[in-house]
Amino acid sequence: MPRPVPEVRDASETMNLILERLEEMKAEDIVTIDLTGKSSIADAMVVASGRSNRHVGSIADDVVEHLKGIGLKGIRVEGQPHCDWVLVDAGDVIVHVFRPEVRDFYAIEKMWSGSKGRKSEDAARRQPS
C-alpha cells in the first residue's frame, strides 16, 4: 500500500525542506532572501553554489525530487542540461543553484536584497572563521 503524501502547507515548510536538501547535498554559500513586499512572484528566494556543472545539476535534481516527494506540484526547472545556473520554481520559493563564477557574474543577491542576503544558519556555521 502506498505511503500517504503529506501536503505542503506554506512557504516556510517548503523553505525548510529546500534548505535541508541543500545542506545534505553540500551546496555552498547558501543565502536566503525574503521577497515579501518586493515581488509577487514568490515569498522567498534561495541562492546556493555547486562546485561544478555536475554538482549544480545534482543539487537541483535532489531538491526537485524531494519537493515532489512531499506532494508539491507544478515545480518548474530551467537551466538544465548545461547546469551553469539552474532555477527551480517551487511556487512560493525560488531556488537558484549556480557555479561560483556564474553566480559572481550575475550577482542576483545584490539585485534582490541590496546586499548579500542572509546566509542559512547551518551554512554560516560551516564557513571557516
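Quick notes on the rules
- Numbering of residues starts from 1 in each chain and follows the order in which that chain's sequence is written.
- Where local features are concerned, this predicted model is filtered to residues with pLDDT of at least 70; where side-chain atom pairs are given and counted, the filter is 80 or more; whole-chain, interface and lining totals use all residues.
- To obtain the side-chain values, all non-hydrogen atoms of the structure were included, while hydrogens and water were left out.
- Note on method: axes are straight lines fitted to C-alpha atoms, helices fitted across the in-contact stretch only, with angles between N-to-C directions ranging 0 to 180 degrees.
- Elements are defined by DSSP. Helices are runs of H or I of four residues or more, strands are runs of E of two residues or more, and each kind is numbered from the N terminus.
- Put simply, angles under 35 degrees are roughly parallel, angles over 145 are roughly antiparallel, angles from 65 to 115 are roughly perpendicular, and the rest are oblique.
- Each helix crossing is assigned a hand: it is left-handed if the near helix lies turned anticlockwise from the far helix by less than a right angle, otherwise right-handed if that turn is clockwise.
- In this description, contact between two residues means that some pair of their heavy atoms is separated by no more than 4.5 Å.
- We call Asp, Glu, Lys and Arg charged. Ala, Val, Leu, Ile, Met, Phe, Trp, Tyr, Cys and Pro are nonpolar, and the rest, Gly among them, are polar.
- Note on exposure labels: buried denotes an accessible area under 20% of the residue type's maximum, exposed denotes more than 50%, and partly exposed covers the range between, all computed with a 1.4 Å probe on protein chains only.
- Strands were regarded as paired on the criterion that DSSP finds at least two bridges between them.
- For every residue, the pLDDT score states the predictor's confidence, bounded by 0 at the bottom and 100 at the top.
- By this rule, a helix spans an expected 1.5 Å times one less than how many residues it contains.

Considerations on the packing of helix H1 (residues 11–24) against helix H2 (residues 53–69)
The geometry of H1 relative to H2 is characterised by a closest axis approach of 9 Å and an angle of 140° between their N-to-C directions. Classed by the angle they form, the pair H1 and H2 counts as oblique. For the element pair H1 and H2, the recorded crossing hand is right-handed. Taking contact as the criterion, the partners of Thr14, Leu17, Ile18, Arg21 and Leu22 in H1 are, on H2, Ile59, Asp62, Val63, His66 and Leu67. When the residues that make up the contact of H1 with H2 are grouped by side-chain class, the tally is six nonpolar, two polar and two charged.

Concerning the pairing of strand S2 (residues 44–49)
Across the six residues of S2, six count as buried, placing the element largely inside the fold. With burial as the criterion, each face of S2 is covered, one bearing Ala44, Val46 and Ala48 and the other bearing Met45, Val47 and Ser49. The sheet contact formed by strand S1 (residues 28–34) and S2 spans five bridges and is antiparallel. Across the sheet, residue Thr32 finds its bridge partner in S2, namely Val46. Two elements, S2 and strand S5 (residues 93–98), share six bridges in a ladder whose sense is parallel. Bridge pairing in S5 links Ala44 to Val93.

Overview of the confidence of the model for the chain
For the chain, per-residue confidence averages 83 on the pLDDT scale, and residues scoring 70 or more make up 80% of the total. This model gives residues 122–129 a pLDDT under 50, and the stretch forms nine contacts once residues within four places in sequence are excluded.

Things to note about H2
Relative to the 24 Å expected for 17 residues at 1.5 Å per residue, H2 spans 24 Å between its end C-alpha atoms, a close match to the ideal helical length. The set of residues buried in H2 consists of His55, Val56, Gly57, Ile59, Ala60, Asp62, Val63, Val64 and Leu67. Along its buried surface, H2 packs onto H1, S2, strand S3 (76–78), strand S4 (85–89) and S5. Phi for Gly71, located one or two positions after H2, is positive at around 95°.

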